[in-house]
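Chains, contacts and geometry: an overview
In case you want the letters, here they are:
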Amino acid sequence: MNVRRISAREFFESWTMKVGVTFLAILVVMSIFVIIVYPADFGKRVWSNPMYWADNPKLVPPAWITLLTGEKLPEHTIFKLKEPAEAYWLRDAYVLEYRVDFNYDYDDYYSFIHVLVRNITFYSSQPPRIEIYFSRPDGLMVKLTSFTVRGPSSMEEPPYQRYVDSPKRIILSEDVAAMTNLLDSLNEKYNITLSFSDILLIGTEKLFFGYPLEDRFNVLKGRYGVYIMAYFPNEPGNVEEIRLILGGKVFGLLGTDMLGRDLMAGLLYGLPVSLMIGFLAAILITSIGVSLGIMSGYLGGKVDVVIQRSSDILVNMPLLPILIFFTFILREFDARLILIILVLTAFSWPGLAIITRPIVMQMKSSQFIEAAISCGASSRWIMFKHILPNLAPFVLAQSIFTVPSAILAEAALSFLGLGDPTLPTWGQMLEYGFRSGAIYLGHWWIVIPPGLLIVLTAFIFVLIAFGMEPIVSPRLKRR
Amino acid sequence: MSGMRKALLVRIISLVLVAPAVLALMAITLGLTGVSDRILISMAEQTLQEVKKSLAIQIRDPKALEAAIEAQKEAIYSSYGLDKPWFYRIFQMIARIAFFDLGRTRIIKSFTGSHEVSQIIVERIPNTILLVTVPLIFSSILGVWIGTKIALRTGTFLDKFVSYLAIISYALPSWWVGIVLIIFFGFYLKLFPVSGMYSIPPPRDIPMRMLDIMWHSVLPFMTLVIVQIGGWIYSTRMIILNIAQEDYVMVARAKGLSEGLVRRRYILRVAAPPILTNIILGLTGSLGGAILTETVFGWPGMGSLYYHAIISLEENLIIALTYIYTLIYILARIILEILYVTLDPRVRYQ
C-alpha cells in the first residue's frame, strides 16, 4: 500500500467522487434544515402520537400516483375558516355562519369528512349550538347534524371557553344523525329504499358524494357546499377556527401509513438520524481501530500480541447475531441508538486495527521515523505526529466504508424490532410497514421509499469510498 | 506437509477460540444485567412446580406441606446457584449456554410442539444452512466468473456498466431487496409464493415436495444472489487487475507466451487464493443477510426465529441462537480455511 499526501484536485478527480460529494452535501444541507425545523422530541410527541395524525387519511398512496394511473383520486383537502361568512341576529340568537363551497371532479369518493371546532367563547349561561348543513349538486340540502356545547357549571364565570386545548372533532362520515338524515333525503329524492345497514356495507362516504344508479352508487360531480352555523343565545360569542377536512384517497408526496402519519415527515426526520449514526460510528470505529493498529504496529511486543489476538477473535465473531444479542439484552438501556452505535463500534474496530498494523510496521523502518527517533522524539509523538498524518488518506478511505455499514447495521436491527422507539429511523418505518403486512397488500409507498433512502445514503458513501481507492492505491490508475 | 498443517492449525485454533470468547462475553453480560438470574429463577420455579405436585400427593396436612415446599424451594434455588451472586455461577452459565440447557420457552414452540430451546433450534438448522449455502455457492461462482470476464476487458462499456451495478449492489440491504421482490413478483405478478418454505398443506410425495420447496425458494434465493453478487464481481475484478499489472505477467507476455496461457497460468492461478479469502470474509455478510432474508420471507430457519424471539421477548432463545450462529460461522470458516490451504501452493509447499 502506497501512502502519501494528496491534493484537493486529485481528490475530486474521479466522477464517483464528484457525484458522491455533491449528493452528500445535499443530504447534509437537508439534515441541517430538518434539525432546525423539527421539534427535538419529534419522535415521542409527534410521530408516535396517533392524535396528531387523526385528521389524515389512513393508508393512502402519494398524490402523484394519479399522474401514472390517470384516475382522478380525491386529494386530501383542508379548509381553514378563521372568519364567518356572515354574522347576524336571528330572533334572540346571534348567528355565525361559515360556508365552504367546493367543486367535486374526482372519480372516487373522499375517505371521510371531519369538522373541527376550536376554541369557542360564549358569555350567556345558555350554551351555543352548532348545526351543520350539506348541499349537493343534485339540489339536495340536508341538515346533517347538530350539537350543543357543554353549558357552564355553577363554578364558572363568563367568558366560558370550550375546546381550547383539543378541538371538538365531528366525524360526519361516522355520525349516526348525519347519515340518517342524508339517507332519508336520498331515499326520497331517488325513490329508493336503502336501510342503515346497507349503507354500512356500501361505505358511508358514498352517501355524501354519490347517487344511486341501477343498484350501485356513482360519483356525483359538481358543486358542493358545507354550511356550519353557530347559534349563540342572548349574547354574541365567537369561534377561533373551524376546519372542514375532506380525507383524500391520496396524500402529499409520499402518502400515509395505517396511522395516517405523513411518511414524508418521518422520512425527512430519519435523514439526520441516519447520518448521525453513520458519522458517529465511523469516527469511533476509525479512531479506536487506527490508534490500536498504530500502537500494535509501532510498539510491538506484548501490546502487539494482546491487540492482535483480541482483534483476531473479535473480527471472527458473526457481527449481526452479536449485535442482536447485545441490543436485545441491554434493551432497557435508555438511549438505545447510542447503545447500538457503541456495540457496533466494539465489534467493528478490529478490522481497521488489523489492516493498519502492517502499514505502520513498514513505516516504522523508514528513514523519517529513524530521524525522529534520533532527535529524541517519544513513541507517542512519533505515533501521532509522524505516522498518523501519513496514514490519513488510507484511514479516511477505510473510515468512509464504515459509514454505510453502520447505517445498514442500524437499519437491520431496527427492522428486527430492536430500534430506538423514541427516534423514528428509516429502518423502523420499514419494520412498521412490514409487520403490519403492507408488503403483502401492495402498499409499496410505505416500504419502498425508506429502503430507497437507506440504499441511496449508503450508496453515496460507497461512491466516495470507491472514488478514494485510486488515490489511496495509485497503481489502479494506470489502467 | 508439516508447514501446511502448522499454518492450518494456527488458524483453526484462533477460530476455535472465538467460541469460548463469545460464551464468556455472553455469560458476563447476562450476569451483569441480571438476565441470567431471571432465566435460572424461571427454571427453578418450573422444577418447584413439579416437586409441589408430588409433595401434595404425599403430604395431607396443609401446614406440613407449606414447610416442606419452603424447604424444597431453598434446596432447588441453591442447586441452581441462586443463593450466590452471579459471578460465582459464571462457569455454570457458560456450560448452560454451550449445551443449550436454558430451560423452556414461553410462547414459541417447535414444529413438533416442544418448548425445549434446543429442539426448537435444531429442527431449523437445515433450513438455514440451505438458505445460506445455495445462494452463496451460486452467487460466488457467477460473480467470480463475471468478475474475471470483465477484468480481462477493462475499460469497455460492459466493464464499466457491470462495475457500477456491482457498486450499487454493495449498498443493497438484503431485506429491502426481498421486500421489493415480494411486492413485484408476489403481489403484482403473483408469480411466486411470498412466504414460508412449503405450501399449506405440503404435497405428499417426495418429488412434488422438492419442487414445492424449490418454488418457494426462488424469491429468497434471488434476493441473496442479487445482494451478494456485486461484491464478488467487484473484488474479483480488483484482484485480477492488481495481479495483471505485476512485473512477472509483463515478463510472461514479453517472452511471447500466448495470451490465453498468460491468463490461465500467470493471472487466474495466482488470483484464486485471494478471491477465496474474499469469499471467506463474505460469509459474515451472507449469514447476517440470511437472518433478515428469512425474516422477510417467513423462511422457517433460525433467522426468522430470531425475529419471533425478539418480538415475544424469549431471552433464552436469543442467547442460544447467538451461540449457534457463532458455532456455524466458525465451522464454515474452518471448512473454507482448509479449502484455502489446499488451493494455495505457497502455503502448501512451505
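Residues numbered from 1 in each chain as written. Chains lettered and ligands numbered in written order. Predicted model: local features only at pLDDT ≥ 70, side-chain atom pairs only at ≥ 80, totals over all residues. Heavy atoms only, no water.

**Concerning the pattern of salt bridges**
Here the structure, examined in full by the defined rule, presents 28 salt bridges over all chains. Across the pair Asp159(B) and Arg237(B) runs a salt bridge whose closest N-O atoms are separated by 2.7 Å. Taken together, the residues Asp159(B) in helix H8 (residues 157-170) and Arg237(B) in helix H10 (residues 206-244) connect sequence positions 78 residues apart. Taking relative accessible area as the criterion, Asp159(B) reaches 2% and is therefore assigned buried. In this structure Arg237(B) comes out as buried when scored by relative accessible area, which is 13%. Each of Lys82(A), Arg118(A), Glu241(A) and Arg243(A) takes part in one network of salt bridges that share partners. (Salt bridge = Lys/Arg side-chain N within 4 Å of Asp/Glu carboxyl O. Helix = DSSP H or I, 4+ residues; strand = E, 2+ residues; numbered from the N terminus. Buried < 20%, exposed > 50% of the residue type's maximum accessible area, 1.4 Å probe, protein only.)

**Here we look at a negative patch on the surface**
Residue and element names in this part refer to chain B. Negative charge collects at one region of the surface, where Glu66, Glu70, Glu74 and Asp83 lie side by side. Following the sequence through the fold, Asp83 ends up in the loop between helix H4 (62-79) and helix H5 (90-98). For Asp83, a relative accessible area of 52% corresponds to the exposed category. (Patch = residues over 30% accessible without salt bridge, like charges linked within 9 Å, V, L, I, M, F, W, Y side chains within 5 Å. Areas by Shrake-Rupley, 256 points an atom, 1.4 Å probe, with all protein chains shown as cover. Lys, Arg positive; Asp, Glu negative; His and termini not counted. Charge placed at Lys NZ, Arg CZ, Asp CG, Glu CD.)

**Describing the interface of chain A and chain B**
Counting residues at the interface gives 50 residues for chain A and 60 residues for chain B. Summed over both partners, the interface of chain A with chain B buries about 5,000 Å², with 76% contributed by carbon and sulfur atoms. Summed over the shared surface of chain A and chain B, the result is 1 salt bridge. For Arg331(A), the salt bridge goes to Glu315(B), with nearest N and O atoms at 3.3 Å. Along the contact surface separating chain A from chain B lie 4 residue pairs in polar contact (both at pLDDT 80 or more). With 12 residues, the single largest contributor to the side of chain A that touches chain B is helix H15 (residues 444-472) of chain A. (Contact = heavy atoms within 4.5 Å. Buried area = accessible area lost by both parts, 1.4 Å probe. Polar contact = N/O pair within 3.5 Å; in protein donor to acceptor, adjacent residues only side chain to side chain.)

**Some remarks on the environment of Val360(A)**
Turning to its location among the elements, Val360(A) is positioned in helix H11 (residues 336-364). With residues up to four places along the chain from it excluded, the contact list for Val360(A) reads Gly293(A), Ile294(A), Gly297(A), Tyr298(A), Ile387(A) and Leu391(A).

**Focus: the confidence of the model for chain A**
For chain A, the mean per-residue pLDDT works out to 88, and 96% of the residues sit at or above 70. When pLDDT is averaged over each element of chain A, strand S5 (residues 129-135) of chain A comes out on top at 94 and helix H1 (residues 8-11) of chain A at the bottom at 64. (pLDDT = per-residue confidence, 0-100.)

**Brief notes about the sheet that holds strand S6 (residues 141-148) of chain A**
All names here are of chain A. Read across the sheet, 5 strands follow the order S2-S3-S11-S5-S6 without closing on themselves; strand pairing throughout is antiparallel. The open sheet has two edge strands, strand S2 (86-90) and S6, and neither has a second partner. Direction aside, neighbouring strands of the sheet carry axes that sit 20 degrees apart on average. Direction of pairing for S5 relative to strand S11 (residues 222-233): antiparallel, over a ladder of 7 bridges. For Glu131, the partnering residue across the bridge sits in S11 and is Met229. Those strands touched by helix H5 (residues 176-190) are S5 and S6, and its axis lies near 160 degrees from that of S6. (Pairing = 2+ DSSP bridges. Axes fitted to C-alpha atoms, helices over the stretch in contact; angles between N-to-C directions.)

**Topic: the packing of helix H13 (residues 302-311) of chain B against helix H14 (residues 315-343) of chain B**
All names here are of chain B. Where H13 meets H14, the closest approach of the two axes is 9 Å, and the angle between their N-to-C directions is 155 degrees. Between H13 and H14, the crossing angle belongs to the class labelled roughly antiparallel. The hand of the H13/H14 crossing is left-handed. Taken together, the residues of H14 that come into contact with H13 (itself represented by Met302, Gly303, Leu305, Tyr306, Ala309 and Ile310) are Leu317, Ile318, Leu321, Thr322, Ile324, Tyr325 and Ile328. (Parallel < 35°, antiparallel > 145°, perpendicular 65-115°, else oblique. Left-handed = near helix turned anticlockwise from the far one by under 90°.)

**As for a nonpolar patch on the surface**
Residue and element names in this part refer to chain A. The grouping of Val28, Ile32, Phe33, Ile36, Val37, Phe279 and Ile283 at the surface amounts to a nonpolar patch, some 670 Å² of accessible area in total. Mapped by element, the contributors of at least two residues to the nonpolar patch are helix H2 (15-37) and helix H8 (263-299). Considering every element that reaches the nonpolar patch, the biggest residue donor is H2, with 5 residues. Considering the arrangement of structural elements, one finds Val37 in helix H2.

**Digging into the side chain of Thr128(B)**
Residue and element names in this part refer to chain B. Considering the arrangement of structural elements, one finds Thr128 in helix H7 (residues 125-151). Judged by relative accessible area, Thr128 falls into the buried class, the value being 2%. Those residues within four positions of Thr128 in sequence are excluded, and the remaining contacts are Glu294, Trp299, Gly301, Met302, Gly303 and Tyr325.

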